[in-house]
Amino acid sequence: MSGTLQMPREDDITTLRGGATAAILASDLDRKVFLAQETARRWHRRRLSLRSPLDPPLPDRPGRPEKPLLVPPKNTEKRSLHTLPGRLAMLHALAHIELNAVDLALDIVARFATEPVPQSFFDGWMQVAFEEAKHFGMVRDRMRALGADYGDMPAHDGLWQAAHATRNDLTARLAVVPLILEARGLDVTPSLQEKMRETGDIESADVLNVIYEDEKGHVAIGAKWFRFLCARQKRDPARTFQELVRANFRGALKAPFNDIARAEAGLTPSFYRSLTATSHA
Ligand SMILES: [Fe+2]
Ligand SMILES: [Fe+2]
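All values reported here derive from a predicted model rather than from experimental measurement.

Student: So, the nonpolar core: which residues are in play, and what are the values?
Tutor: Counting 78 residues, the largest nonpolar core has L106, F121, W125, M126, L174, F226 and F241 as the members making the most contacts within it. Contributions of two or more residues to this core are made by helix 1 (16-25), helix 2 (29-44), helix 3 (84-111), helix 4 (119-145), helix 6 (170-198), helix 7 (202-232), helix 8 (237-248) and helix 10 (269-272). Broken down by element, the residue count for this core peaks at 13 residues, all from helix 3. Setting aside anything within four residues of it in sequence, one finds F121 in contact with I108, L170, L174 and W225.

If you want it as structure tokens, here you go:
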């Protein structure tokens, strides 16, 4: 793709799959956010068909700006939230997660647009894509208010790689993306929000609160459609989840879990307890 500035163009949104693919391909992040949200609006207003043979092919990797530099996960450092650089590092990591989440939600829609699922499946994932784009914008605005921006620091590529392993199996994709990666957000966000409040950064804490409330809905959408696919295949949801996670996700799940928020979203402990690392500090 060329590095020239690409302005938002509505005519990239010809179908749901076409609009989602154009958003994934966009390397200019303002354009990516615009295309994700405009595609969601038009789909929800029933102004788009699902797909057409003329839709652009789905790329293996999403379009991204030159910065941030992508590094292996272990090279990203953790710093205290009591310093401005520490808070900015946390916000940067969060912006990167939200940006990945935009592409991951759109990828579920575009990659699996030929699956025999009800229209409401796509309604749900386009709502997720819309909200992830909103989250990315909120975190980026907060970074800018603090004198920094997304792209200033290195970031890791683990989220996209984790999802890529499930590109041929929708049930596995739902096990990994909403039910592992997004559910992890429910576990860690409340304490992060609390620490942010303690440092006096109420604005950042408020952003985290919006994200937390929306993410409960994302896990719920994931659990609903995961259970739907299991029921259709006459498979037990908890056991299927464990099999798919063992086959498609590296490593154990990390306790402690936010059992209440997870259960409210339809993800009960029978799904994830047996996948936890056995040793505890
Ligand atoms: Fe999000
Ligand atoms: Fe999410």
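Continuing now.
Student: Before we move on, can you summarise the pattern of salt bridges with the specific residues and values?
Tutor: It is possible for side chains of opposite charge to pair when their charged atoms get near one another. Taken as a whole and judged by the stated rule, the model has 21 salt bridges. Across the pair D103 and R64 runs a salt bridge whose closest N-O atoms are separated by 2.8 Å. Of this pair, D103 sits in helix 3 while R64 sits in the loop between helix 2 and strand 1 (70-71), and the two are 39 residues apart along the sequence. Neither residue differs from the other here; D103 and R64 are each classed as buried. Residue R144 is joined to D149 by a salt bridge in which the shortest nitrogen-to-oxygen separation is 3.3 Å. When salt bridges that share partners are traced, they join R87, R142, D201 and E203 into one network.

Student: Tell me about the packing of aromatic side chains, and name the residues and values.
Tutor: Counted according to the given criterion, the structure contains 10 aromatic pairs. Judged by centre distance (5.1 Å) and plane angle (85 degrees), the ring pair of F121 and F122 falls under edge-to-face. Given a relative accessible area of 0%, F121 falls into the buried group. With relative accessibility at 2%, the residue F122 sits in the buried group. Joined through ring pairs, the aromatic side chains of W43, F121, F122, W125, W225 and F228 make up one cluster. Taking the ring centre of W43 as reference, the NZ or CZ of R46 above it sits at 5.6 Å. Positioned over the ring face of Y272 is R262, at 4.3 Å from the centre of the ring.

Student: Give a detailed account of the coordination of the iron ion (ligand 1), specifying residues and quantitative values.
Tutor: Donor atoms from the polypeptide that bind the iron ion (ligand 1) are E98 (OE), E132 (OE), H135 (ND1) and E215 (OE), placed at 2.0 to 2.3 Å. Coordination at the iron ion (ligand 1) is irregular, judged from the 4 donor atoms that bind it and the angles of 91 to 158 degrees they form at the metal. Every donor residue of the iron ion (ligand 1) comes from the same chain, spaced as E-x33-E-x2-H-x79-E. A gap of 3.7 Å separates the iron ion (ligand 1) and the iron ion (ligand 2), which E132 links by coordinating each metal. Taken together, the residues E132 in helix 4 and E215 in helix 7 connect sequence positions 83 residues apart. We note that E132, like E215, is buried.

Student: Outline unusual backbone geometry, supporting the account with residue identities and numerical values.
Tutor: With omega at 10 degrees, the peptide bond leading from K67 into P68 counts as cis. Tracing the backbone through its elements, the reader meets P68 in the loop between helix 2 and strand 1. In this structure, P256 follows A255 across a cis peptide bond, with omega equal to 0 degrees. Within the fold, P256 resides in the loop between helix 8 and helix 9 (259-264). We note that K234 has phi near 55 degrees; this positive angle belongs to a residue other than glycine. Position of K234 among the secondary structure elements: in the loop between helix 7 and helix 8.

Student: If you had to explain the coordination of the iron ion (ligand 2) to someone new, which residues and values would you point to?
Tutor: Within the protein, E132 (OE), E182 (OE), E215 (OE), E215 (OE) and H218 (ND1) serve as the donor atoms for the iron ion (ligand 2), at 1.8 to 2.7 Å. Mapping the donors of the iron ion (ligand 2) onto the primary sequence yields the spacing E-x49-E-x32-E-x2-H.

Student: Please give an account of the environment of I211 that cites residues and values.
Tutor: Inspection of the secondary structure assignment puts I211 in helix 7. In sequence terms I211 and V128 are 83 residues apart; their C-alpha atoms lie 11 Å from each other. Dropping the residues within four chain positions of it, I211 is found in contact with L94, E98, H135 and V139.

Student: Describe the packing of helix 3 against helix 6, naming the residues involved and giving the relevant values.
Tutor: Their axes nearest at 12 Å, the elements helix 3 and helix 6 cross at an angle of 155 degrees. Taken together, the axes of helix 3 and helix 6 are roughly antiparallel relative to one another. For the pair helix 3 and helix 6, the crossing hand works out as left-handed. Contact with helix 3, carried on its side by R87, M90, L104, D107, I108 and R111, involves L170, R173, L174, V177, L192 and M196 of helix 6 and no other residues of that element. The class makeup of the residues in the contact of helix 3 with helix 6 is 8 nonpolar, no polar and 4 charged.

Rules behind the numbers
Residues numbered from 1 in each chain as written. Chains lettered and ligands numbered in written order. Predicted model: local features only at pLDDT ≥ 70, side-chain atom pairs only at ≥ 80, totals over all residues. Heavy atoms only, no water. Core = buried A, V, L, I, M, F, W, Y, C linked by side-chain atoms within 4.5 Å. Buried < 20%, exposed > 50% of the residue type's maximum accessible area, 1.4 Å probe, protein only. Helix = DSSP H or I, 4+ residues; strand = E, 2+ residues; numbered from the N terminus. Contact = heavy atoms within 4.5 Å. Salt bridge = Lys/Arg side-chain N within 4 Å of Asp/Glu carboxyl O. Phe/Tyr/Trp six-rings, centres within 6.5 Å; stacked < 30°, edge-to-face > 60°. Lys NZ or Arg CZ within 6 Å of the ring centre and 35° of its normal. Donors = N, O, S within 2.8 Å, 3.2 Å for Na, K, Ca; no water. Tetrahedral: all angles 85-135°; square planar, octahedral: opposite > 155°, others 65-115°. Axes fitted to C-alpha atoms, helices over the stretch in contact; angles between N-to-C directions. Parallel < 35°, antiparallel > 145°, perpendicular 65-115°, else oblique. Left-handed = near helix turned anticlockwise from the far one by under 90°. Nonpolar A, V, L, I, M, F, W, Y, C, P; charged D, E, K, R; others polar.

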